[in-house]
Amino acid sequence: MTQMRRKATEPRRRPKQERSRERIDAILATTMRLIGEKGIDAVTMKEVGALAGGPIATVYHYFPSKSAILAMLYERFSEESRARLREIVANVRERKDVMPAADRLLDDYRGRVAGDPAIQDLQNAIQADKALKNLDIAETKRQAEMFCETVVPLIEPEQREAFARIVFLIFQLAGGVVRLALTQDEAEGRMTIEDYRSIIHAQLRLFL
């Protein structure tokens, strides 16, 4: 069952030729645009194929299901997220650098989601899809570990395990907080983000 589920959510083929890569990029871009315009539930494989400039058979040639398209879209979003995280934490040298880095990560994530409604819808779809629900948790764990790799050397050895657990929770809860803030009016949403920032600071101070 697990093997069947994995196959249903993975691309049928990884692109090796430029033409194939361009075709997959067109499918992904079209899907993301449609998600932003009408929501994930209203997007169909047939519509993606038509608007991406080819027959539905071409879409199924690369993706066995809509879940597989969502998985690759999320993979690309996650790759960009990790690249931005590396850039931000690269400036962490001392304990005093950790809090500003955490602030930048929160603000960067909020800005990306607020600037592209399709990202929020994509994340909601990933969490709602039974075959994909663990992707978000796994990615959160990976990014939390990346943050810890930089910061843990600045933490007392006996506190490092507890620190890693707190960082994972901070990263995991950030998605829900940002989604909540974006459903509120501007002033209330800003207050929600600042309240969460205060929680992050309070937790980090326990270790820094």
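Residues numbered from 1 in each chain as written. Predicted model: local features only at pLDDT ≥ 70, side-chain atom pairs only at ≥ 80, totals over all residues. Heavy atoms only, no water.

A. Broad picture of the UniProt feature "domain: HTH tetR-type" (unreviewed entry) in the protein chain. When the UniProt feature table is mapped onto this chain, "domain: HTH tetR-type" (unreviewed entry) is found at residues 21-81. Helix and strand shares over residues 21-81 are 79% and 0% respectively, and the end C-alpha atoms of the span are 21 Å apart. (UniProt positions renumbered as here; feature names shortened; annotations may be inferred. Helix = DSSP H or I, 4+ residues; strand = E, 2+ residues; numbered from the N terminus.)

B. Looking closely at the nonpolar core. Counting 61 residues, the largest nonpolar core has I27, F63, I69, L70, F147, F163 and L204 as its most contacted members. Ranked by the residues each element gives to this core, the list is headed by helix 5 (residues 66-89), at 11 residues. Split by domain, this core shows at least three residues from each of two domains, domain 1 (16-64) and domain 2 (73-205). Ignoring any residue separated from it by four or fewer positions in sequence, one finds I69 in contact with I27, L28, T31, M45, V59 and F63. (Core = buried A, V, L, I, M, F, W, Y, C linked by side-chain atoms within 4.5 Å. Buried < 20%, exposed > 50% of the residue type's maximum accessible area, 1.4 Å probe, protein only. Domains from an automatic or database assignment. Contact = heavy atoms within 4.5 Å.)

C. Up close: the packing of aromatic side chains. Taken as a whole, this structure holds three aromatic pairs when the rule is applied. With a centroid separation of 5.7 Å and an interplanar angle of 55°, the aromatic rings of F147 and F171 are classed as tilted. With F147 in helix 8 (residues 133-151) and F171 in helix 9 (residues 160-183), this residue pair connects regions lying 24 residues apart in the sequence. Arranged with centres 5.3 Å apart and planes meeting at 75°, the rings of F163 and F207 form a pair that is edge-to-face. Note that F163 is positioned in helix 9 and F207 in the segment after helix 10 (186-205), a separation of 44 residues in sequence. (Phe/Tyr/Trp six-rings, centres within 6.5 Å; stacked < 30°, edge-to-face > 60°.)

D. Just the UniProt feature "DNA-binding region" (unreviewed entry) in the protein chain, in detail. UniProt annotation of "DNA-binding region" (unreviewed entry) refers to residues 44-63 when read in the numbering used here. Across residues 44-63 one finds 70% helix and 0% strand; the C-alpha atoms that close the span lie 13 Å apart.

E. Spotlight on the layout of surface pockets. One number sums up the size of the second largest pocket: a volume of about 160 Å³. Along its surface, the second largest pocket is lined by D25, L28, A29, M32, L73, R76, F77, E80, R112, D116, I119 and L122. Of all the secondary-structure elements, those providing two or more residues to the lining of the second largest pocket are helix 2 (18-38), helix 5 and helix 7 (117-128). Residue-level mapping places the lining of the second largest pocket at the junction of two domains, with at least three residues from each of domain 1 (16-64) and domain 2 (73-205). (1 Å grid on protein atoms, 1.4 Å probe; cavity = no way out; pocket = protein on both sides within 12 Å on 5 of 7 lines; lining within 4 Å. Points joined across faces, edges and corners; volume = space filled by probe spheres on them.)

F. Representation of the packing of helix 5 against helix 7. At their nearest, the axes of helix 5 and helix 7 sit 10 Å apart, and the two run at 120° to each other. Taken together, the axes of helix 5 and helix 7 lie oblique to each other. Relative to helix 7, helix 5 is oriented so that their crossing is left-handed. From helix 5, L70, L73, Y74 and F77 reach across to helix 7, where they touch I119, L122, Q123, A125 and I126. Per-class residue counts for the contact of helix 5 with helix 7 are eight nonpolar, one polar and no charged. (Axes fitted to C-alpha atoms, helices over the stretch in contact; angles between N-to-C directions. Parallel < 35°, antiparallel > 145°, perpendicular 65-115°, else oblique. Left-handed = near helix turned anticlockwise from the far one by under 90°. Nonpolar A, V, L, I, M, F, W, Y, C, P; charged D, E, K, R; others polar.)

G. Looking closely at empty space enclosed by the protein. Counted by the stated rule, this structure contains one cavity of 30 Å³ or more. In this structure, the largest cavity spans a volume of roughly 520 Å³. Considering the residues around the largest cavity, the lining is formed by 28 residues, among which L105, Y109, Q143, F171 and A174 are closest to the centre. Put simply, the parts of the chain that give the lining of the largest cavity at least two residues each are helix 5, helix 6 (98-115), helix 7, helix 8, helix 9 and helix 10.

H. Region of the structure containing the side chain of R23. Within the secondary structure, R23 is located in helix 2. E22 is the oppositely charged side chain nearest to the buried, salt-bridge-free R23, at an N-O distance of 9.5 Å. Among residues more than four places away in sequence, those in contact with R23 are G49, A52, G53, G54, P55, T58 and Y62. (Lys, Arg positive; Asp, Glu negative; His and termini not counted. Salt bridge = Lys/Arg side-chain N within 4 Å of Asp/Glu carboxyl O.)

I. Quick look at the domain arrangement of the protein chain. Segmenting the protein chain into domains produces domain 1 (16-64) and domain 2 (73-205). Each partner contributes to the interface: domain 1 provides nine residues, whereas domain 2 provides eight residues. When the buried area of domain 1 at its contact with domain 2 is split by residue, L28, M32 and I35 rank highest and sum to 64% of it. Summed over the shared surface of domain 1 and domain 2, the result is one salt bridge. For D25, the salt bridge identified is with R76, shortest N-O distance 2.8 Å. (Buried area = accessible area lost by both parts, 1.4 Å probe.)

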